[in-house]
Amino acid sequence: MFAVPKDPAIVPDVMLNVGVEPPEDCLAKENRSYFIWNFGKPPGVVIEIVSNKIGGKTPRSSSSTLKSRCLTTLSTIPGSV
């Protein structure tokens, strides 16, 4: 997902948006990313699946950017719910 042109991509595990029209050819290279400025709104729900083990898949700064750009985020540690 790209919030602003030329910014690094934000790559959540799952994102859901209602009320947007998907491109006809989702497999075409130019349609494989979610450009917020093309769809007119950020995803309604974003889910990032994390672990309680040390790893480093998502840097803290990316997580903060993700939360600031999306309407709803859900992040949980498996086994903690």
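Sequence order sets the numbering: in each chain, residues are counted from 1 along the sequence as written. At least 70 in pLDDT is required for a residue's local features to be given in this predicted model, at least 80 for side-chain atom pairs to be given and counted, and no such filter applies to totals for whole chains, interfaces and linings, which use all residues. Heavy atoms from the whole structure form the basis of all side-chain values; hydrogens and water molecules are not counted.

**Student:** Would you mind going over a nonpolar patch on the surface in detail, with residue names and values included?
**Tutor:** Patch membership requires more than 30% relative accessible area and the absence of a salt bridge. Residues of like charge join within 9 Å; the nonpolar side chains Val, Leu, Ile, Met, Phe, Trp and Tyr join within 5 Å. Residue-level accessible areas treat just the shown protein chains as cover; the underlying method is Shrake-Rupley with a 1.4 Å probe. Salt-bridge detection follows one rule: a side-chain nitrogen of Lys or Arg within 4 Å of a carboxyl oxygen of Asp or Glu. Taken together, Leu16, Val18 and Val45 make up a surface patch of nonpolar side chains, about 260 Å² in accessible area. Among the structural elements, Val45 can be located in strand E2 (residues 45-49). With relative accessibility at 31%, the residue Val45 sits in the partly exposed group. Labels follow the DSSP assignment, with helices taken as runs of H or I lasting at least four residues and strands as runs of E lasting at least two, numbered in each case from the N terminus. Exposure categories follow from relative accessible area, calculated using a 1.4 Å probe and restricted to protein chains: below 20% of the type maximum is buried, above 50% is exposed, and the middle band is partly exposed.

**Student:** Explain the side chain of Glu48 to me, using residue names and the numbers behind them.
**Tutor:** Tracing the backbone through its elements, the reader meets Glu48 in strand E2. Its relative accessible area of 8% is what places Glu48 among the buried residues.

**Student:** I'd like a description of a negative patch on the surface, backed by residues and values.
**Tutor:** For the purpose of counting charges, residues Lys and Arg are taken to be positive, whereas Asp and Glu are taken to be negative. His and the chain ends are not included. For the purpose of locating charges, the reference atoms are NZ of Lys, CZ of Arg, CG of Asp and CD of Glu. Taken together, the side chains of Glu21, Glu24, Asp25 and Glu30 present a region of like negative charge at the surface. Relative to the helices and strands, Glu24 resides in the loop between strand E1 (14-16) and helix H1 (36-39). Note on Glu24: relative accessible area 88%, which makes it exposed.

**Student:** Just give me the short version of the side chain of Asn17, but keep the residues and values in it.
**Tutor:** On the secondary structure map, Asn17 appears in the loop between E1 and H1. Counting of polar contacts relies on pairs of N or O atoms within 3.5 Å, with two restrictions inside protein: one atom must be capable of donating a hydrogen and the other of accepting it, and residues adjacent in sequence are counted only when both atoms are side-chain atoms. A polar contact is formed between the side chain of Asn17 and the side chain of Lys41, at a distance of 3.5 Å. A distance of 3.2 Å separates a polar side-chain atom of Asn17 from the backbone oxygen of Pro42. Note on definitions: a residue-residue contact is assigned when non-hydrogen atoms from the two residues lie within 4.5 Å. Among all residues touching Asn17, those that are not within four sequence positions of it are Tyr34, Lys41, Pro42, Pro43 and Gly44.

**Student:** Mind laying out unusual backbone geometry, listing which residues take part and the relevant values?
**Tutor:** The phi torsion at Lys6 lies on the positive side, around 75°, for a residue other than glycine. Assignment of secondary structure puts Lys6 in the segment before E1.

**Student:** How would you summarise the pairing of E2 if you had to cite specific residues and measurements?
**Tutor:** Of the two faces of E2, the one holding Val46 and Glu48 is buried and the one holding Val45, Ile47 and Ile49 is not buried anywhere. Following DSSP output, two strands are said to pair if at least two bridges run between them. One ladder, built from three bridges, connects E1 with E2; its direction is antiparallel. In the strand pairing of E2, Val14 is matched with Ile47.

**Student:** Hey, could you go over the packing of aromatic side chains for me, with residue numbers and the actual values?
**Tutor:** Aromatic ring pairs are described here by two measures, namely the spacing of the ring centres and the angle between the planes. By convention, a stacked pair of Phe, Tyr or Trp rings (six-membered ring in the case of Trp) has centres within 6.5 Å and planes under 30 degrees apart, an edge-to-face pair has planes over 60 apart, and any other such pair is tilted. Throughout the structure, instances matching the rule amount to three aromatic pairs. With a centroid separation of 4.5 Å and 5° between ring planes, the pair formed by Tyr34 and Phe39 is classed as stacked. For Phe39, a relative accessible area of 25% puts it in the partly exposed group. Three or more aromatic residues joined by ring pairs make a cluster, and in this case those are Phe2, Phe35 and Trp37.

Function cannot be read off these values alone, since they describe shape.
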